[in-house]
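Coordinates in review
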Amino acid sequence: MNDYEFSRKTVEILREIRRRKPLVHHITNFVVMNSTANVTLAVGASPIMAHSHEEMEAMAAFADALNLNIGTLTPYWVDSMILAGKVAGKRGIPIILDPVGSGATPLRTEAAGRLLEEVPVTVIRGNASEVMSLFTGGKEIRIRGVDSLETVDAVRDGAYATAKEMGKVIAVTGEVDFITNGEKAIEVHNGDPMFGLVTGTGCAATTVVSCFCAVEPDPLAATACALGYYGLAGEEAARASKGPGSFQTALYDALYGLSEEAMMEKLRIKTIATNP
Amino acid sequence: MNDYEFSRKTVEILREIRRRKPLVHHITNFVVMNSTANVTLAVGASPIMAHSHEEMEAMAAFADALNLNIGTLTPYWVDSMILAGKVAGKRGIPIILDPVGSGATPLRTEAAGRLLEEVPVTVIRGNASEVMSLFTGGKEIRIRGVDSLETVDAVRDGAYATAKEMGKVIAVTGEVDFITNGEKAIEVHNGDPMFGLVTGTGCAATTVVSCFCAVEPDPLAATACALGYYGLAGEEAARASKGPGSFQTALYDALYGLSEEAMMEKLRIKTIATNP
Amino acid sequence: MNDYEFSRKTVEILREIRRRKPLVHHITNFVVMNSTANVTLAVGASPIMAHSHEEMEAMAAFADALNLNIGTLTPYWVDSMILAGKVAGKRGIPIILDPVGSGATPLRTEAAGRLLEEVPVTVIRGNASEVMSLFTGGKEIRIRGVDSLETVDAVRDGAYATAKEMGKVIAVTGEVDFITNGEKAIEVHNGDPMFGLVTGTGCAATTVVSCFCAVEPDPLAATACALGYYGLAGEEAARASKGPGSFQTALYDALYGLSEEAMMEKLRIKTIATNP
């Protein structure tokens, strides 16, 4: 697709989300439950947050997408993700994984690895360090807490090869986002440094990807369009704000109110050559 | 009571809350702990969030109302609610139940049922699907996640009969709110569609009911006045905002700052005939 | 230090935080995980929220400060705090304790006591009732939920004696904050009543103290400067807001954007005589 087609696609997916209001089941961390639920609603979808083993299968049975996030994880929560993920996999709904802090501690690296083994994940969205941990097994990753110390450029080749090997879409977000399915690759140039000053904005990016995948069958295009739209909403929010508090407020407003005209003009989503 | 008397009553209850600053013990879900604590403070009461079995009896022993909410529940949390609920019941403080997602999964439907059996709940506040699940046992409910697919009108008769049978106040919120104790019935016409775009606004409605019940001995009037005041604050917030982010900010401001003049003029709380 | 020196010191610590972006490991309550993460980012540090026993030692091994908060505690979480606290203690990083609700229930009073026995806490930040519970063993404390019913003045002597005995810094926050290490004492006169209308603002004060202690080796000065800066940000936020919703938004903006000029002019941090 060219730039125009990606913009067109983004507009169409958003229309479809608002028409169908898909249900996105989140098994996510305590820090972002409220903010990612609000992002889901601002995008036009419906969030359900649930993790009790007793209702994992029932919840996964009527969701339109499953969002897994390992921030503030304990073993109980990883088991919840596997229970829900198996049902989601059987039903063929998209499963989106945010490997928060993978590479920072063995618990997180192993949880991400176990989820990738036992659950048919469709898309992985992480920062450069987190994505790197997926193909190095967590060794020698420079990461501090959940902040990446690696650059997107440093993991492009690894992400590409891993996406190919695993048969998944991998999105590495940073100054420029890199999205690949191991065959094609896309860059998203929308975004704003203000995202780094609000907690959970990475998790929220994954939530937007989940909303887009819930209605769009091509997960590569869905992921790229989701990240472009989210980044552009951040650009608009940054213009309307004076600091991280007003930025977060304006971000929800922009996700809700971004005009189709603005998307057609300002989205910067580009297919890039994959054979250098 | 007529419209004028409900408005008067609302103003009086709010004054009393701000004079006494009642303590509202919440055992609630992870998504809304922060937002409902902020709503409690904006109304003028004091929130305490606590769920550890080891302190349930101690906390319930000095609270002025108990707010139970089954979103993101696990069996541990339901046990917390029962421990606190028994102490609250012995002390005669009002207990307000928000059956989040009852009808969506057996775990939630059963938790709501068990709480109603073991705890002397005073008021139940839910959407139409959730309330319907209380009298159908969760069968054949159309609900998606925690979003109602039933209308308030469809559950009026059932809510009325169930309130009568259980001896409780039941509030069904939606475009028009319906509140009944199985004898009298009240409609609240305040509100705004923006509430649907922010997570936890239903849970927050229940919190406002809890604050009002903490100081007003008549739970039917307290519930109706609480929902009128909350709906009107939403109307004011919608006027002052550009999307769901600024709406939530403006909602806390309005709950805090709504003038008595605005309440006397704009509350739309009406007793309705119960023998059709 | 005189007033000018405290203002100078505050400016320098903030510059250092923004230069080094220290990692502050929080083991904290569900209500404030999102808001204190945002405060950490607005100050210029990096938050990591983690509590699983399996990763406590790994997380504590690369943190620059450890923030412990017993709101919404269960025994599991207290054990997490002790696991992390032991590693933090061995590494010599500052450990800051917020004894939320200590004095309100035996569980909380005992948890605070156990943490103080088993973990080499550097600074304790609480309201007057919470601090009083630390030296009375929780007997006869007037506290309601997590709201202090004691005055800062009533606990000055006790806080001073306890700080001396324990060899720690104790900060009692209220209308005027009182900070002591049992040798020197400091008052902070910055602040605004609006803080009382937003949940978790006490917890956030502790977070700011943790950020300051992460880069400043003198915990007494770090704590005083942190509370002055936080209080002044609240003053600026109150001027820019219409109620508790817009206050919270403006508070993050002010923490992020407070100018060095404003700090040099408006901070009111004063050493006071300790031998009356």
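Just so it is clear, the model here is predicted, and its values are computed rather than measured.

Examining the relation of the copies chain B and chain A
For the pair chain B and chain A, the superposition axis carries a translation of 0.0 Å, the fit reaches an RMSD of 0.0 Å, and the rotation angle comes to 120°. Taken together, the rotation angle and the small translation identify this as a three-fold axis. For chain B, the minimum C-alpha distance to the rotation axis belongs to Phe 30 of chain B and amounts to 3.8 Å. Here only 12% of the contact residues of chain B are again contact residues in chain A; the copies associate through non-equivalent surfaces.

Things to note about the packing of helix H2 (residues 33–43) of chain C against helix H8 (residues 201–215) of chain C
Residues and elements named next belong to chain C. The contact between H2 and H8 brings their axes to 9 Å, and the two run at 40°. Two packed elements cross with a definite hand, and for H2 against H8 that hand is right-handed. Of the residues in H8, those touching H2 at Ser 35, Thr 36, Val 39, Thr 40 and Val 43 are Cys 203, Ala 204, Thr 207, Val 208 and Cys 211.

Structural notes on the interface of chain C and chain A
If you look at the interface, chain C gives 28 residues, while chain A gives 26 residues. When residues of the side of chain C that touches chain A are traced back to their parent elements, those giving at least two are H2, strand E2 (46–49), helix H3 (53–60) and helix H10 (244–257) of chain C. The element best represented in the side of chain C that touches chain A is H10 of chain C, accounting for eight residues.

Focus on the interface of chain B and chain A
The partner chain A presents 28 residues to the 26 residues of chain B that form the contact. Counting residues per element, the ones that place at least two in the side of chain B that touches chain A are helix H2 (33–43), helix H5 (106–118) and helix H10 (244–257) of chain B. No other element matches H10 of chain B, which puts four residues into the side of chain B that touches chain A. A per-class count over the side of chain B that touches chain A returns ten nonpolar, twelve polar and four charged.

Digging into the nonpolar core
Of all hydrophobic cores here, the largest spans 312 residues; its most connected members are Val 208 and Val 209 of chain A, Val 208 of chain B together with Val 208 and Val 209 of chain C. Not counting residues within four places of it along the chain, the set of residues in contact with Val 208 of chain A comprises Val 39, Val 43, Ala 226, Tyr 229 and Tyr 230 of chain A.

What about the relation of the copies chain C and chain A?
With an RMSD of 0.0 Å, the fit of chain C onto chain A corresponds to turning through 120° and sliding 0.0 Å along the axis. An asymmetric contact is evident, with only 11% of the interface residues of chain C recurring at the interface of chain A.

Remarks on the sheet that holds strand E11 (residues 269–272) of chain B
Residues and elements named next belong to chain B. Judged by pairing direction, the sheet is mixed, and its nine strands sit side by side in the order E2-E1-E3-E4-E5-E8-E9-E10-E11 without closing on themselves. Of all strands in the sheet, those with a lone pairing partner are strand E2 (46–49) and E11, marking the two edges. Adjacent strand axes in the sheet meet at a mean angle of 20°, parallel and antiparallel pairs treated alike. When strand E5 (residues 123–126) meets strand E8 (residues 169–172), the two strands line up parallel, connected through four bridges. Across the sheet, residue Gly 126 finds its bridge partner in E8, namely Val 172.

Quick notes on the confidence of the model for chain A
Across chain A, the average pLDDT comes to 95, with 98% of residues at or above 70. Predicted as a complex, the structure gets a pTM of 0.97 and an ipTM equal to 0.95.

Some remarks on the environment of Ile 27 of chain C
All names here are of chain C. The topology assignment puts Ile 27 in strand E1 (residues 23–27). Here the alpha-carbon distance between Ile 27 and Met 49, two residues 22 residues apart in the chain, equals 6.2 Å. The residues contacting Ile 27, other than those within four sequence positions of it, are His 51, Leu 68, Trp 77, Ser 80, Met 81 and Ala 84.

Quick look at the pairing of strand E10 (residues 185–188) of chain B
For a regular strand, side-chain orientation follows a simple rule: the groups alternate between the two sheet faces. All names here are of chain B. Direction of pairing for strand E9 (residues 177–180) relative to E10: antiparallel, over a ladder of four bridges. Across the sheet, Thr 180 pairs through a bridge with Ala 185, a residue of E10. Hairpin connection, E9 to E10: the antiparallel pair is bridged by four residues, and Gly 182 has positive phi, about 85°. Pairing of E10 with E11 involves four bridges; the strand directions are antiparallel. Its bridge partner being in E11, Val 188 is matched across the sheet by Ile 269.

Some remarks on the sheet that holds strand E11 (residues 269–272) of chain C
All names here are of chain C. Taken in spatial order, the nine strands line up as E2-E1-E3-E4-E5-E8-E9-E10-E11 in an open sheet, and their pairing is mixed. The open sheet has two edge strands, E2 and E11, and neither has a second partner. Each neighbouring strand pair of the sheet contributes to a mean axis angle of 20°, computed without reference to strand direction. The strands touched by H8 are E1, strand E3 (65–69), strand E4 (95–98), strand E5 (123–126) and strand E8 (169–172); relative to E3, the strand with the most contacts, the crossing angle is about 165°.

Overview of the packing of helix H9 (residues 219–239) of chain B against H10 of chain B
Residue and element names in this part refer to chain B. Remark: H9 packs on H10, axes separated minimally by 8 Å, with the N-to-C direction vectors making an angle of 130°. By the angle between their axes, H9 is oblique relative to H10. The chirality of how H9 crosses H10 is right-handed. For the pair formed by H9 and H10, the contact residues are Ala 233, Gly 234, Glu 236, Ala 237 and Ala 238 on the first element and Phe 247, Ala 250, Leu 251, Ala 254 and Leu 255 on the second. Classifying every residue of the contact of H9 with H10 by side-chain character gives eight nonpolar, one polar and one charged.

Describing helix H7 (residues 152–166) of chain C
All names here are of chain C. A rise of 1.5 Å per residue sets the reference length of H7, with its 15 residues, at 21 Å; its end C-alpha atoms lie 19 Å apart and thus fit the reference within 8%. The largest bend in H7 is about 30°, located at Gly 158. Considered for burial, the residues of H7 that qualify are Val 155, Arg 156, Ala 159, Thr 162 and Ala 163. Contact partners of the buried residues in H7: helix H6 (128–136), E8 and strand E9 (177–180). With its phi angle positive at about 70°, Gly 167 sits one or two positions after the end of H7.

Conventions used here
Residues numbered from 1 in each chain as written. Chains lettered and ligands numbered in written order. Predicted model: local features only at pLDDT ≥ 70, side-chain atom pairs only at ≥ 80, totals over all residues. Least-squares fit on C-alpha atoms with pLDDT ≥ 70 in both. Contact = placed C-beta atoms within 7 Å. Axes fitted to C-alpha atoms, helices over the stretch in contact; angles between N-to-C directions. Helix = DSSP H or I, 4+ residues; strand = E, 2+ residues; numbered from the N terminus. Left-handed = near helix turned anticlockwise from the far one by under 90°. Nonpolar A, V, L, I, M, F, W, Y, C, P; charged D, E, K, R; others polar. Core = buried A, V, L, I, M, F, W, Y, C linked by C-beta atoms within 7 Å. Buried ≥ 20, exposed ≤ 12 C-beta atoms within 10 Å, placed from the backbone. Pairing = 2+ DSSP bridges. pLDDT = per-residue confidence, 0-100. Parallel < 35°, antiparallel > 145°, perpendicular 65-115°, else oblique. Expected span 1.5 Å × (residues − 1). Bend = angle between axes of the 7 residues up to and from the residue.

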